[in-house]
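# Fold and geometry: a report
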Amino acid sequence: MRFTGKVVLITGAGAGIGRETAAMFAKEGAKVAVNSLTAKNGEETLNMVRKYSQGIYVQGDVSLSADAENIVKRTVKEFGQLDILVNNAGIVIPGRVDNTTEESWDKTINVNLKGVFLISKYSVIQMKKQGYGTIVNISSVAGVKGIMDRAAYGASKGAVVALTKAMAADYIKENIRINCICPGTTYTESLQDRLNAFDDTEKATKDFINRQPMGRFGKTQEIASAILYVASEDAAFMQGSILTIDGGMTI
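I will try to describe carefully the structure that is included in this document. Bear in mind the structure is a predicted one, so any value in this text is a computation, not a measurement.

The subject of this paragraph is the packing of aromatic side chains. Using the criterion set out here, one finds three aromatic pairs in the structure. Centre to centre, the rings of Phe198 and Phe208 are 5.9 Å apart; their planes meet at 75°, and the pair counts as edge-to-face. On the criterion of sequence distance, the pair formed by Phe198 in the loop between helix H6 (189-196) and helix H7 (201-210) and Phe208 in helix H7 is long-range, its members being ten residues apart. Residue Phe208 is classed as buried on the basis of its relative accessible area of 8%.

Soluble globular proteins tend to bury their nonpolar side chains together. Counting 29 residues, the largest nonpolar core has Ile10, Phe25, Val32, Val86, Ile181 and Ile227 as the members making the most contacts within it. For this core, the secondary structure elements donating two or more residues are strand S1 (7-10), helix H1 (16-27), strand S2 (31-36), helix H2 (39-49), strand S4 (84-87), strand S5 (133-138) and helix H8 (220-231). Top contributing element to this core by residue count: H8, with seven residues. With residues up to four places along the chain from it excluded, the contact list for Val32 reads Val8, Ile10, Ala22, Phe25, Ala26, Val49, Gln54, Gly55, Ile56 and Phe79. By size, the runner-up hydrophobic cluster in this structure holds 25 residues, among which are Ile119, Val124, Ile135 and Met167.

Let us now look at the sheet that holds strand S3 (residues 55-59). Across the sheet, seven strands lie side by side as S3-S2-S1-S4-S5-S6-S7; this open sheet has parallel pairing. The open sheet has two edge strands, S3 and strand S7 (242-245), and neither has a second partner. Strand-to-strand twist across the sheet, computed as the mean angle between neighbouring axes with direction ignored, equals 15°. Note: S1 against S2, four bridges, orientation parallel. Each bridged residue has a counterpart across the sheet, and for Val7 the counterpart in S2 is Lys31. Of the strands in this sheet, S1, S2, S4 and strand S6 (176-183) are in contact with H1, which crosses S1 at around 170°. Against the sheet, helix H5 (residues 151-171) makes contact with S5, S6 and S7, and its axis sits at roughly 160° relative to S6, the strand it touches most.

The next point concerns the pattern of salt bridges. Going through the model one piece at a time under the given rule, you end up with ten salt bridges. Salt-bridge contacts for Arg216 lead to Glu222; the nearest nitrogen and oxygen are separated by 2.8 Å. One salt-bridge network, held together by shared partners, links Arg19, Lys40 and Glu44.

This paragraph deals with the environment of Met249. Along the polypeptide, Met249 turns up in the segment after S7. Judged by its relative accessible area of 7%, Met249 is buried. Between the C-alpha atoms of Met249 and Pro183, which are 66 residues apart in sequence, the distance is 9.8 Å. If near-sequence neighbours (up to four positions away) are discounted, Met249 is found in contact with Val141, Lys145, Ile147, Thr185, Arg211, Gln212 and Pro213.

One non-glycine residue, Asp149, lies in the positive phi region at around 65°. Topologically, Asp149 is positioned in the loop between S5 and H5. Overall, Asp149 belongs to the partly exposed group, its relative accessible area being 34%.

Now for the pairing of S6. With eight of its eight residues buried, S6 lies for the most part within the structure. Here six bridges tie S5 to S6, and the two strands are oriented parallel to one another. Residue pairing for S6: Asn137 is matched across the bridge by Cys180. Bridge count for S6 against S7 is four bridges, and the pairing is parallel. Looking at the pairing, Cys182 lines up with Thr244 of S7.

What counts, and where the lines are drawn
- Residues numbered from 1 in each chain as written.
- Predicted model: local features only at pLDDT ≥ 70, side-chain atom pairs only at ≥ 80, totals over all residues.
- Heavy atoms only, no water.
- Phe/Tyr/Trp six-rings, centres within 6.5 Å; stacked < 30°, edge-to-face > 60°.
- Helix = DSSP H or I, 4+ residues; strand = E, 2+ residues; numbered from the N terminus.
- Buried < 20%, exposed > 50% of the residue type's maximum accessible area, 1.4 Å probe, protein only.
- Core = buried A, V, L, I, M, F, W, Y, C linked by side-chain atoms within 4.5 Å.
- Contact = heavy atoms within 4.5 Å.
- Pairing = 2+ DSSP bridges.
- Axes fitted to C-alpha atoms, helices over the stretch in contact; angles between N-to-C directions.
- Salt bridge = Lys/Arg side-chain N within 4 Å of Asp/Glu carboxyl O.

Here is the structure:
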């Protein structure tokens, strides 16, 4: 029970890695604020959380300043503090620079990068008041390695890596730890939807798996376990670190 008495806010917690992380934090004793844009998904995650601990669901779009501020304020109002933030919300829109629309580019940057900035902005304000806090940003191997057909996504996730280091430098003297995790291709419902969009789903699945020398997709539990480690006191000496969990994809 590493997180008994701790309050955790997780964005994009309605499915996939975010949902697994929310449930895992709850099992370890944390009170969890679940954020998701889709109410149905968020409520489902909240039900999982409440099997083990206290939790609330806060709907909101992380790319909108008013929503981001409300998400953080609701969390603090409910639980009185904010110990850990996991910036997990993100989208994947395939494309190269020559066929990515300006709308798709802006949407990707707004959710994947601006969302991290906005939620972190209001969370840091609270953490400075408390005198402590921990932030875990979820980037991607696409942020540290070139991946075909992921121009906007890779740009947004690479920026999250750079933002993590900048924030870590800014707040190290204020007892706020900020680190980043870069997952490889992890099996989620979202990934399955993208695979289903191909004309040959079976071939697409094999191609995606073959990107990892380990020969399989990552599991949400594996990524969530790493998030909990980075957020825990076991990782108290980590600051501005980029932890890659990718089945060998960036070897």
